[in-house]
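Breakdown of the fold
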Amino acid sequence: MSTRTSSQDGMFGAPLIDHHCHGVMARPLQRAEFEDLATESSWPGPAGTTFFDTQLGFAIRRWCAPVLGLEAHVSPEDYLARRAELGADAVNSLLLSAANLDTVLVETGYRGEEITSPEQTGLLASAGFREVVRLERIAEEVAAAGTTPGTFAADFAAALEERSRNAVGVKSIMAYRYGLDFNPDRPSDQEVQTAAAQWLAAAGNEPRMDHPVLLRHLLWAAVDLGKPIQFHVGYGDADVDLHRCNPLNMTAWLRAVRSRNVPVMLLHCYPFQREAGYLAHVFPHVYADVGLAVNYTGSRSDAVIAESLELTPFHKAVFSTDAFGLPELYFLGAHLFRRGFDRVVGRWVEDGEWSPADAERVAHLIGHVNSERAYGLEPR
């Protein structure tokens with residue numbers, strides 16, 4: 001196992017496996033596009049405002065600016081000017097390598113043609129890399145290739161088998177396309193065929209997998225595949241109905257698949273990190289992270305990390321950044337998590353609640369051991 005550390009790591013010296021992330025933009029970004037990638041909103045802010053006025057925006061100016069050779073807290077204008085001066089390749093390399101990651105598991109199902117591939121992302125980060133494939137995207141590709149209602153199930157199964165052959169896991173965006181309050185039962189063959197007929201008739205030239213019966217079918221096909229299943233949970237863009245993204249809504253399905261021993265990876269989880277911790281506590285196949293939340297809560301991310309460690313067994317907590325588009329999200333996700341773990345666990349050590357040895361052991365569990373176990377990864 002790599003022992004990569006940096007002077008910013010504090011007592012958290014464990015290697016980090018980023019078990020859920022995406023590629024970054026390999027071209028120059030204008031300010032509007034940069035700000036669009038630094039928010040989960042689907043729209044620009046009111047006239048005269050900026051998304052730099054957020055916890056994430058402040059964290060970029062505080063922590064990413066020095067990596068690019070600037071003083072901390074520089075203005076947004078100076079930060080973006082420095083980005084443009086260095087160029088996209090240099091900015092991506094500087095920030096991803098500074099994240100000091102051991103391995104990246106890159107999900108390729110969202111705007112994959114616009115961002116770096118898993119291999120390119122790994123090279124930028126000087127890290128190992130593997131792919132995670134998105135269930136809904138595979139179904140949409142099957143539809144675009146000309147499947148029929150009668151052959152959809154078989155065509156999807158074949159495509160899933162092919163696409164996942166070299167992947168370490170799959171991802172579901174059920175939270176976006178329906179909600180996590182879905183019927184937990186496996187649909188029958190006839191239900192799938194009827195639903196496929198309805199969906200394909202309405203899909204048009206750009207199919208969007210959003211039929212609730214077919215979404216359930218994809219999940220059960222993933223269970224049959226046997227590889228870890230990642231779920232978007234909680235906070236996301238305006239497509240989600242957040243009240244339906246509470247992972248407790250999945251409880252019946254988690255019961256139904258428990259005996260299959262397929263790891264279920266709950267991603268992001270904010271503001272439901274405590275609910276996710278409960279599910280990871282009571283179900284042996286459930287893991288949880290707070291990846292996206294750490295970046296977007298910035299200076300308050302310590303509190304989110306602390307809450308995520310209240311009920312989650314330490315052998316079930318995992319690390320991710322959910323970085324997409326901006327290399328800043330890789331660096332901040334790793335830096336803020338290391339710092340937050342140091343601060344939270346450091347207080348417990350100072351108070352005599354934890355021993356230093358236990359703190360170090362848990363750092364390794366969350367940093368890499370749990371992901372190695374869940375995804376069947378060989379230590380590098």
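Sequence order as written defines the numbering, with residues in each chain counted from 1. Predicted model: local features are reported for residues with pLDDT of at least 70 only, side-chain atom pairs are reported and counted for 80 or more only, and whole-chain, interface and lining totals are derived from all residues. With hydrogens and water stripped out, all remaining heavy atoms of the structure feed into the side-chain values.

Thoughts on the packing of helix α15 (residues 327-350) against helix α16 (residues 356-375)
Selection rule: Axes here mean lines fitted to C-alpha atoms, for a helix over just the part in contact, with angles spanning 0 to 180 degrees between N-to-C directions. A run of H or I in DSSP counts as a helix once it spans at least four residues, and a run of E counts as a strand once it spans at least two, with each numbered from the N terminus. Angles below 35 degrees are treated as roughly parallel, those above 145 as roughly antiparallel, those between 65 and 115 as roughly perpendicular, and all remaining angles as oblique. Rotating anticlockwise by less than a right angle from the far helix to the near helix defines a left-handed crossing, while the corresponding clockwise rotation defines a right-handed one. Every residue pair with non-hydrogen atoms within 4.5 Å of one another is taken to be in contact. Residues are grouped as follows: Ala, Val, Leu, Ile, Met, Phe, Trp, Tyr, Cys and Pro are nonpolar; Asp, Glu, Lys and Arg are charged; every other residue, Gly included, is polar.
Axis separation between α15 and α16 bottoms out at 10 Å; the angle between their running directions is 150°. The angle between α15 and α16 falls in the class roughly antiparallel. The element α15 and its partner α16 pack so that their crossing is right-handed. Taken together, the residues of α16 that come into contact with α15 (itself represented by Phe-337, Phe-341, Val-345 and Val-349) are Pro-356, Ala-359, Val-362, Ala-363 and Ile-366. Residues that form the contact of α15 with α16 fall into these classes: nine nonpolar, no polar and no charged.

Structural notes on the packing of aromatic side chains
To describe a pair of aromatic rings, you give the distance between the ring centres and the angle between the ring planes. For clarity, the cut-off: Here a Phe, Tyr or Trp ring, Trp counted by its six-membered ring, pairs with any other such ring whose centre lies within 6.5 Å, and the pair is stacked when the planes are under 30 degrees apart, edge-to-face when over 60, and tilted otherwise. Geometrically, a lysine NZ or arginine CZ counts as sitting over a ring once it is within 6 Å of the ring centre and also within 35 degrees of the ring normal.
Tallying each qualifying case throughout the model produces 13 aromatic pairs. Members of the aromatic cluster, joined through ring pairs, are Phe-34, Phe-52 and Tyr-79. Across the ring face of Phe-58, the terminal group of Arg-61 is positioned such that the distance to the ring centre comes to 5.4 Å. The residue whose ring lies beneath Arg-244 is Tyr-178, and the NZ or CZ to ring-centre distance is 4.6 Å.

Regarding the sheet that holds strand β4 (residues 167-172)
Our working rule: Following DSSP output, two strands are said to pair if at least two bridges run between them.
Across the sheet, seven strands lie side by side as β1-β2-β3-β4-β5-β6-β7; this open sheet has parallel pairing. Each end of this open sheet is capped by a strand with a single partner; those strands are β1 (17-21) and β7 (286-288). Pairs of neighbouring strands in the sheet enclose a mean axial angle of 25°, with direction left out of account. Pairing between strand β3 (residues 128-134) and β4: four bridges, direction parallel. Counterpart to Val-132 in the pairing with β4 is Gly-169. Its contacts with the sheet place helix α5 (residues 118-125) against β2 (103-107) and β3, and it is angled at close to 145° to β3.

Points about helix α10 (residues 212-225)
Put simply, the test is: An expected span of 1.5 Å times one less than the residue number is assigned to each helix. Buried means the residue's accessible area, taken with a 1.4 Å probe over protein chains only, is under 20% of the maximum for its type, while exposed means over 50%, and partly exposed covers the values in between.
The end-to-end C-alpha distance of α10, which contains 14 residues, comes to 20 Å, matching closely the 20 Å that a straight helix rising 1.5 Å per residue would cover. By the criterion of burial, α10 is predominantly enclosed, with 11 of the 14 residues buried. Residues Val-213, Leu-214, Leu-215, Arg-216, His-217, Leu-218, Leu-219, Trp-220, Ala-221, Ala-222 and Val-223 constitute the buried set of α10.

Structural notes on the environment of Leu-267
With respect to the element layout, Leu-267 can be found in strand β6 (residues 264-268). Relative accessible area serves as the criterion here: at 0%, Leu-267 is assigned to the buried category. Spatially, the C-alpha atom of Leu-267 lies 27 Å from that of Ala-143, the residues being 124 residues apart in sequence. When residues no more than four places from it in sequence are discounted, the contact partners of Leu-267 are His-19, His-20, Lys-171, Gln-230, Phe-231, His-232, Val-233 and Asp-289.

Details of the pattern of salt bridges
Heads up, the rule is: We define a salt bridge as a side-chain nitrogen of Lys or Arg found within 4 Å of a carboxyl oxygen belonging to Asp or Glu.
Enumeration according to the criterion identifies 21 salt bridges in this entry. The partner of Glu-114 in a salt bridge is Arg-111, and the shortest N-O contact between them spans 3.1 Å. A network of salt bridges, in which partner residues are shared, links Glu-131, Arg-137, Glu-140, Glu-141, Arg-163 and Arg-177.

Looking at the packing of helix α6 (residues 135-144) against helix α7 (residues 152-163)
Across the interface, α6 lies against α7 with an axial gap of 9 Å and an inter-helix angle of 125°. The orientation of α6 relative to α7 falls into the category oblique. By crossing handedness, the relation of α6 to α7 is classed as right-handed. Contact residues: α6 offers Leu-135, Ile-138, Ala-139, Glu-141 and Val-142, while α7 offers Phe-152, Asp-155, Phe-156, Ala-159, Leu-160 and Arg-163. Split into classes, the residues belonging to the contact of α6 with α7 amount to eight nonpolar, no polar and three charged.

A short note on the confidence of the model for the protein chain
Definition in use: Per-residue confidence from the predictor is reported as pLDDT, which spans 0 to 100.
With 97% of its residues at a pLDDT of at least 70, the protein chain reaches an overall mean of 95. Throughout residues 1-9 the model reports pLDDT below 50, and contacts reaching past four residues in sequence, or to other chains, amount to 27 contacts.

Thoughts on the nonpolar core
What counts, and what does not: Remark: nonpolar core denotes a set of buried residues (Ala, Val, Leu, Ile, Met, Phe, Trp, Tyr, Cys) joined through side-chain atoms within 4.5 Å.
Counting 59 residues, the largest nonpolar core has Phe-34, Ile-60, Tyr-79, Leu-101, Tyr-330 and Leu-332 as the members making the most contacts within it. When residues of this core are assigned to their parent elements, the largest contribution, nine residues, is made by α15. Excluding anything up to four places from it in sequence, Leu-332 contacts Leu-56, Ala-59, Ile-60, Trp-63, Cys-64, Asn-295 and Phe-337. Counting residues in each nonpolar core, the second largest holds 51 residues, with Ala-139, Ala-175, Phe-231 and Ala-288 among its members.

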